[in-house]
Amino acid sequence: MRGIPRPHPRPETRKRLVRLLIGLVFVLLLIYPWLYSNYLTTVLTQWLPDTSTAFVILAFTVMGLGLNFVVGYAGLLDLGYVAFFAAGAYVAGWLASEQFANAGSVIFGGTVLPGTPGIHLSPWLVLLIAAVFAALLGALIGIPTLRLRGDYLAIVTLGFGEIIPQFVRNGDSLGGFNLTNGAFGMNGIDGLGFGVAVHHTIHQLPENFLNELDSRWFYWTALALVVVTIVTSLLLRDSRIGRAWIAIREDEDAAAAMGVPLMRTKTLSYTIGAFFGGAAGCLITLQAGSTSPDAFSLQVSIFVLCMVILGGIGNVWGVTLGGLLLAYVNYKGLFAAGHTFNSTFGTNIDIPEYSYLIYGVAIVLFMLIRPEGLIPSARRRAELHEEEEEENVIPEASTA
Amino acid sequence: MSADALVDARSVRKEFGGLVACSDIDFTVERGSIASLIGPNGAGKTTFFNMLTGAYTPTAGEIVFDGRDIVGLPQHKITALGIGRTFQNIRLFGAMTARENVLVGMHSRLSSGLFGSLLRTPRQRHEEREGRAQARDLLAYCGVPARAEHQYARHLSYGDQRRVEVARALATDPKLLLLDEPTAGMNPRETTAFVEFVRRVRDERGLTVLLIEHDMRVVVEVSERVTVLDYGEKIAEGTPDEVTADERVRSAYLGTKPVA
């Protein structure tokens, strides 16, 4: 890893092994759609997600990694992360559907046929705009709320996480203007794709990714976003900004006394977290083709927070693993487990129905057995096992 | 007051609810001097420090630092103007290495931002390299052993933690160094070495040093000027000899009257 060398340098060989493993996993993920459709036996297929489900798993992993900027690095407990998911989703609705049919037909690289009413920008552009919009919203929410600390901040962010869906639900008549289509949400949102024009020039690049075969493209887009998020995390962690975040997490007052501008630095972490939350929300919506206020429940915020905690707060690889694992369990694993359970015991229990019970028990067990997460950051390990290690520290009487 | 005052505080007052922690204190520190602030526990010394660094805003009064009124400025701006501090109870960033702690101290001296860090521009890389080298030098200067550089601060010995904290404060490139009970918990040998160190820092780096100190030996030995607070009020000021001879100080501080 470049930048700051690890405090207890691991043997070079181990480092190389880890790198090799990460590379291997990445290649496997890259060719997964192909493996899934060509080589997997039915037994495995039952347990492995299809490409569309794998897409959702990756997109949620991006959410986990995004929240890690806020919770993991800067130590700000955000219980309303779903707000940014919602922001991204609605930008997709606004800029790539027939929501604003009154505006006539504005098609700029969109994936729809000419003449379709409404605004249809290129979905790539929509993705970027969604991320930036969510980031701005993050800054806007962050500036007043991040003055609060600890539990107070958690409560206020929880509030914002609830306010946004409410606003969306009631936003069908803002002074007579239908912004959000209310409780019905938005439907008929365009798929991600290269657009009509590109498709007609290069036929290998699909116009949109919505048909079964082209769902691979969705998957790859999400995978690319995961990589971008991981790289951003790593680069920022080993920089002046990353150090300031961790310093704030460690001791806010001391950080301020050392010249770290608290508000600016905290807002930046919140903004970057929101950026990726918005991107993920937009991407998921472009695939689903619709969105509604019901999709933005507190459970989503908690779910994403669990990824960060499960994986190992502050550790990029841990959070990636936590995200993949938890999203897998939620979108595939539980169904598969339920199916296997029922066919084995001849029962008819709807296991996914009990997901929150299962998660609750799992979280409690996890906190008891391995509170530092699956792959904790070395820092975090240092914190949680402080007592044990302190016994080994022999006070010195060396001179100043 | 003195024409060359680095710090010039006038009628500084701090109230917490009904409690007057600092009552209309006039206080100056001359540029290039080593000064001490002493007084019994609860006399308002740390409160005064916190007002100097901007952690607290005075209820009334003004504080001029280096020709600028700093009342109401946020902490990071005051740090950038040139006030660095250590804390009474060591407050290092425990889960950061010694070197990272010092690098955080350099925050306001470094400039790379979001895009520089993401793009790893030549400027950013150069700055990081320079910063790391400087941090290493500072740690060595403060007597932190080289092997401690990459250890997490919370795993360091008590003495090393104190030294890293001083290095971190120096990393802010201060004009005024505030040390809040720096010798607390040090043995006599370490204390003697520290007194030497404070002088050296002042002479070599052209700093002004203000200490809060309980150890009267240290105070008498190192300071050129001593200010005594008691119950939030300034009760004496002068050279160490003058102050230790002062009747009010003797009764308030040196323990001739029952401990409050």
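See the structure printed just above.
Residues numbered from 1 in each chain as written. Chains lettered and ligands numbered in written order. Predicted model: local features only at pLDDT ≥ 70, side-chain atom pairs only at ≥ 80, totals over all residues.

**A closer look at the overall build of chain A**
Under the convention used in this document: Strands here are runs of E lasting at least two residues and helices are runs of H or I lasting at least four, both read from the DSSP assignment and numbered beginning at the N terminus. Our radius of gyration looks at C-alpha atoms and nothing else; its globule reference is 2.2 Å times the residue count to the power 0.38. Working definition of burial: number of other C-beta atoms within 10 Å of the residue's own, with buried at 20 or more, exposed at 12 or fewer, and partly exposed in between, all C-beta atoms being placed from the backbone.
Broken down by element type, chain A carries 17 helices and 3 strands. Expected size for 400 residues packed as a compact globule is a radius of gyration near 21 Å; at 23 Å, chain A falls within 12% of this value. Reported as C-alpha extents along the three principal axes, the dimensions of chain A are approximately 80 × 55 × 45 Å. Residue burial in chain A is summarised as follows: out of 400 residues, 46% are buried.

**A few points about the overall build of chain B**
As a reminder, the rule being used: Whether two residues are in contact depends on their C-beta atoms, placed from the backbone: they are in contact if these lie within 7 Å.
For chain B, the count of helices and strands is 10 helices and 10 strands. Its C-alpha radius of gyration of 19 Å places chain B within 12% of the 18 Å reference for a compact globule of 260 residues. Summarising its shape, the C-alpha atoms of chain B cover approximately 60 × 40 × 35 Å along the three principal directions. By the burial criterion, 49% of the 260 residues in chain B qualify as buried. Long-range contacts, defined here as pairs at least 24 residues apart, represent 67% of the contacts in chain B between residues at least 6 apart.

**Quick notes on the interface of chain A and chain B**
Tallying the contact residues gives 37 residues for chain A and 44 residues for chain B. Going through the elements one at a time, α9 (215-237), α10 (240-250), α11 (252-257), α16 (378-384) and α17 (386-390) of chain A are the ones with two or more residues in the side of chain A that touches chain B. Tallying contributions element by element places α10(A) first for the side of chain A that touches chain B, with 7 residues.

**Some remarks on the sheet that holds strand β7 (residues 176-180) of chain B**
Residues and elements named next belong to chain B. Convention followed: Here, any two strands with at least 2 DSSP bridges between them count as paired. Whenever a helix is involved, its axis is fitted only over the stretch in contact; in every case the axis is a line through C-alpha atoms, and angles between N-to-C directions fall within 0 to 180 degrees.
Read across the sheet, 6 strands follow the order β6-β7-β8-β3-β9-β10 without closing on themselves; strand pairing throughout is mixed. On the outer flanks of this sheet lie β6 (83-85) and β10 (233-238), each paired with one strand and no other. Across the sheet, the axes of successive neighbouring strands diverge by a mean angle of 20°, strand direction being ignored. Each of β3 (34-38), β6, β7, β8 (208-212) and β9 (225-230) is contacted by helix α1 (residues 45-52), which is oriented at about 150° to β7, the strand it contacts most. Sheet strands in contact with helix α7 (residues 188-205) are β3, β7 and β8, and its direction is about 155° off that of β8.

**Section: the sheet that holds strand β3 (residues 118-121) of chain A**
Residues and elements named next belong to chain A. Judged by pairing direction, the sheet is mixed, and its 3 strands sit side by side in the order β1-β3-β2 without closing on themselves. Two strands bound the open sheet, and with one partner strand each, they are β1 (96-97) and β2 (105-108). In this structure, β2 lies alongside β3, joined through 4 bridges in parallel fashion. What sits directly across from S105, in β3, is G118.

**Thoughts on the packing of α10(A) against helix α3 (residues 98-105) of chain B**
To be explicit about the condition: Any angle between 65 and 115 degrees counts as roughly perpendicular, while under 35 counts as roughly parallel, over 145 as roughly antiparallel, and the rest as oblique. Under the scheme applied, nonpolar residues are Ala, Val, Leu, Ile, Met, Phe, Trp, Tyr, Cys and Pro; charged residues are Asp, Glu, Lys and Arg; polar residues are all the others, including Gly.
The geometry of α10(A) relative to α3(B) is characterised by a closest axis approach of 10 Å and an angle of 100° between their N-to-C directions. Judged on the interaxial angle alone, α3(B) and α10(A) are roughly perpendicular. Taken together, the residues of α3(B) that come into contact with α10(A) (itself represented by R243(A), A244(A) and A247(A)) are E100(B), L103(B) and V104(B). Within the contact of α10(A) with α3(B), the residues separate by chemical class into 4 nonpolar, no polar and 2 charged.

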